[in-house]
Every structure is written in structure tokens, then in C-alpha cells.
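Below, each chain spelled out in residue letters.
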Amino acid sequence: MRRRAEFTLRAALCRQLAGLEPANRTIWMAEAEYWSRLSDDTDHHKTGTPVSIGTLAALRARVARGLSNLSSRLA
């Protein structure tokens, strides 16, 4: 039960960050969805394969580079 509560809180935090960082909204909502699914899976004792922190960091960096390249092209 403790894991489920932690996952639910992480999902809520990601949703708050999505509101605070409109440029990274898509990333934060994807992470919120990930934590929500983990929370749901703990009810059924299915944890699946978690995404590592390194993978999430790489995704954030890739999106940031893409947004930076896009904004420089539009300027």
C-alpha cells in the first residue's frame, strides 16, 4: 500500500509541474501517466518493467534539444 501511495503522489507532482512548466508539459504529463499506471498495477500485483531514471533524463534532454532547435529555426 505504501508503494501505491508514493506512486500516486509522484503522479500528482508531475501534473503540478506540467502546469508550472508549459514548455515541458508533454514530458511531465507522460511521467504522470507512468506513475499513475504503476499505482494502478500495484493493485493487481503487476509492476511491469519500470523506466529507468537515465531513460527519462535522456528523453528530457532529447526533447529540450528538439525544442531549442525548433525555436532557433523559427527565430
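Bear in mind that the values here come from a model prediction, so they are computed numbers and not experimental data.

1. Digging into the overall build of the protein chain
Argument step 1. Helix and strand counts for the protein chain come out as 3 helices and 0 strands.
Argument step 2. For the protein chain, the sequential pattern of α-helices and β-strands runs α-α-α.
Argument step 3. By the burial criterion, 20% of the 75 residues in the protein chain qualify as buried.
Argument step 4. In the protein chain, once contacts between residues fewer than 6 apart in sequence are set aside, the share between residues at least 24 apart is 51%.
Argument step 5. Accessible area for the protein chain stands at about 5800 Å²; split by element, carbon and sulfur atoms hold 59% of it.

2. Section: the pattern of salt bridges
Argument step 1. This structure, assessed with the given rule, holds 2 salt bridges.
Argument step 2. Between Arg 10 and Glu 6 there is a salt bridge whose closest N-O contact spans 2.9 Å. Of the two residues, Arg 10 and Glu 6 both sit in helix 1 (residues 2-20), 4 residues apart, roughly one turn of that helix.
Argument step 3. On the basis of relative accessible area, Arg 10 is assigned to the partly exposed category, the value being 37%.
Argument step 4. A relative accessible area of 36% means that Glu 6 is categorised as partly exposed.
Argument step 5. In this structure, Glu 33 engages Arg 37 in a salt bridge whose closest nitrogen and oxygen atoms are separated by 2.7 Å. Of the two residues, Glu 33 and Arg 37 are both situated in helix 2 (residues 25-43); the distance of 4 residues between them amounts to about one turn of the helix.
Argument step 6. Here Glu 33 falls in the partly exposed class, since its relative accessible area comes to 38%.

3. Describing the confidence of the model for the protein chain
Argument step 1. Residues of the protein chain with pLDDT of at least 70 account for 71%, and the chain-wide mean is 77.
Argument step 2. Ranking the elements of the protein chain by mean pLDDT puts helix 3 (residues 53-74) last with 71 and helix 1 first with 86.

4. Side note on the side chain of Ser 39
Argument step 1. Residue position: Ser 39 is located in helix 2.
Argument step 2. Judged by its relative accessible area of 5%, Ser 39 is buried.
Argument step 3. Excluding its chain neighbours within four sequence positions, the residues that come into contact with Ser 39 are Arg 4, Phe 7 and Thr 8.

5. Quick notes on the nonpolar core
In globular proteins that are soluble, nonpolar side chains generally tend to be buried together.
Argument step 1. Core analysis: the largest hydrophobic core is formed by 9 residues, namely Phe 7, Ala 11, Cys 14, Ala 18, Trp 28, Ala 32, Tyr 34, Trp 35 and Leu 38.
Argument step 2. Put simply, the parts of the chain that give this core at least two residues each are helix 1 and helix 2.
Argument step 3. It is helix 2 that provides the largest number of residues to this core, a total of 5 residues.

Rules and cut-offs
- Residues numbered from 1 in each chain as written.
- Predicted model: local features only at pLDDT ≥ 70, side-chain atom pairs only at ≥ 80, totals over all residues.
- Heavy atoms only, no water.
- Helix = DSSP H or I, 4+ residues; strand = E, 2+ residues; numbered from the N terminus.
- Buried < 20%, exposed > 50% of the residue type's maximum accessible area, 1.4 Å probe, protein only.
- Contact = heavy atoms within 4.5 Å.
- Areas by Shrake-Rupley, 256 points an atom, 1.4 Å probe, with all protein chains shown as cover.
- Salt bridge = Lys/Arg side-chain N within 4 Å of Asp/Glu carboxyl O.
- pLDDT = per-residue confidence, 0-100.
- Core = buried A, V, L, I, M, F, W, Y, C linked by side-chain atoms within 4.5 Å.

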